[in-house]
Amino acid sequence: MPDGNDYHIPAVYIRDIIAAQQRAVNYAVSKGTTVIASAGNDSQNYDGLSSYIKLPGGLNNVVTVSATAPQAYYPGLPDQNFDIPSSYTTHGRSLVDVAAPGGDFDGPSYGLDGILSAGNNNGFYFSSGTSMAAPHVSGVAALIIAKNGKMSPKEVQRQLENSADKVDGNGKSEFLGQGRINALRAVTE
């Protein structure tokens, strides 16, 4: 708080907020909506933090997305790895379902590590964050549905996860969940 004093919210209010958001997610899913959310940008590992919850990513029935980026991308350098967990991405096996490009700001070519985004006045800019990664997953989910027709949200999530590239080993990764999404595999496998 500006005056230096912490503001404490009673636990009952927090429980009510969590319950209301879970009801909203459950309603959307019951109507056939695949709910996709960014994991967040606080670099926190949510494994073992049972007293913390990330909203809405930590709720049931939400596909939660972490961010990847190249390591200090510079145009023209060969053999660059574009699947490094972003320096800021919130992570944890208990939170992250899949990963997608979200950019970073950790190199000498700041901006080029980012995601090109539409801006005001018909302009474009580079940005970084899990909020840049989640739309990638939403787009791939839309492609999956367009190819296959009506699917349940769980079927869409299963296809996203099964077709993701396991760039961080097999199994569920702390930073990348079931892997980095792959649009081509998602619609051809």
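Our subject in this report is the structure included herewith. Not measured: the values here are computed from a predicted model. Within every chain, residues take consecutive numbers counted from 1 along the sequence as written. Since the coordinates come from a predicted model, pLDDT governs what is reported: local features require at least 70, and pairs of side-chain atoms require 80 or more to be given and counted, while whole-chain, interface and lining totals use all residues. By convention in this description, side-chain values take in all heavy atoms of the structure and omit both hydrogens and water.

Another aspect to go through is the overall build of the protein. Within the protein, the regular secondary structure consists of four helices and six strands. Its helices and strands in sequence order give the protein the pattern α-β-β-β-β-β-β-α-α-α, from N to C terminus. The C-alpha atoms of the protein give a radius of gyration of 18 Å, which matches the 16 Å a tight globule of 189 residues would have. Taken along the three principal axes of its C-alpha coordinates, the protein extends 55 × 50 × 40 Å. Each of the 189 residues in the protein was classed as buried or not, and the buried ones make up 39%. Two residues form a contact once any of their heavy atoms are found within 4.5 Å. Across the protein, the fraction of contacts at a sequence separation of at least 24, relative to all contacts at a separation of at least 6, is 65%. Note on charges: Lys and Arg go in the positive column, Asp and Glu in the negative column, and His and the chain ends are not counted at all. In this description, the location of a charge corresponds to atom NZ of lysine, CZ of arginine, CG of aspartate or CD of glutamate. Of the side-chain charges in the protein, 13 are positive and 17 negative, and the distance between the mean point of each set is 13 Å. The numbering of helices and of strands both runs from the N terminus, where a helix is a DSSP run of H or I of at least 4 residues and a strand a run of E of at least 2. With the radius of gyration taken over C-alpha atoms, the globule rule is written as 2.2 Å times the number of residues to the power 0.38. The buried label applies to any residue whose accessible area, calculated with a 1.4 Å probe on protein chains only, is under 20% of its type's maximum; exposed applies above 50%, and partly exposed to all values in between.

Most of strand β2 (residues 62-69) is tucked away, with eight of its eight residues classed as buried. Of the two faces of β2, the one lined by Val 62, Thr 64, Ser 66 and Thr 68 and the one lined by Val 63, Val 65, Ala 67 and Ala 69 are each fully buried. Each pair of strands is called paired provided DSSP finds at least two bridges between the two strands. Alignment of strand β1 (residues 35-38) against β2, held across four bridges, turns out to be parallel. Across the sheet, residue Ala 37 finds its bridge partner in β2, namely Thr 64. Two elements, β2 and strand β4 (residues 98-101), share four bridges in a ladder whose sense is parallel. Following the sheet pairing, Thr 68 is matched in β4 by Pro 101. Relative to strand β3 (residues 84-85), β2 is paired through two bridges, and the arrangement is antiparallel. What sits directly across from Ala 69, in β3, is Ile 84.

Turning our eyes to something else, we now look at the side chain of Thr 34. Residue position: Thr 34 is located in the loop between α1 (11-30) and β1. Under the relative-accessibility criterion, Thr 34 is labelled buried at 18%. Setting aside anything within four residues of it in sequence, one finds Thr 34 in contact with Val 63, Pro 153 and Val 156.

The subject of this paragraph is the pattern of salt bridges. A carboxyl oxygen of Asp or Glu within 4 Å of a side-chain nitrogen of Lys or Arg is what we treat as a salt bridge. By the definition in use, this model includes six salt bridges. One salt bridge connects Arg 180 with Asp 83, and the closest N-O pair in it is separated by 2.6 Å. Residue Arg 180 is located in the loop between α3 (153-162) and α4 (183-188), and its partner Asp 83 is located in the loop between β2 and β3; the two are separated by 97 residues in the primary sequence. Take Arg 180: its relative accessible area is 15%, and that puts it in the buried class. Of the charged contacts in the structure, one is a salt bridge between Asp 97 and Lys 172, with a shortest N-O distance of 3.7 Å. Here Asp 97, found in the loop between β3 and β4, pairs with Lys 172, found in the loop between α3 and α4; they are 75 residues apart in sequence, far enough to count as distant.

Don't take any of this as a statement about function, it's just geometry.
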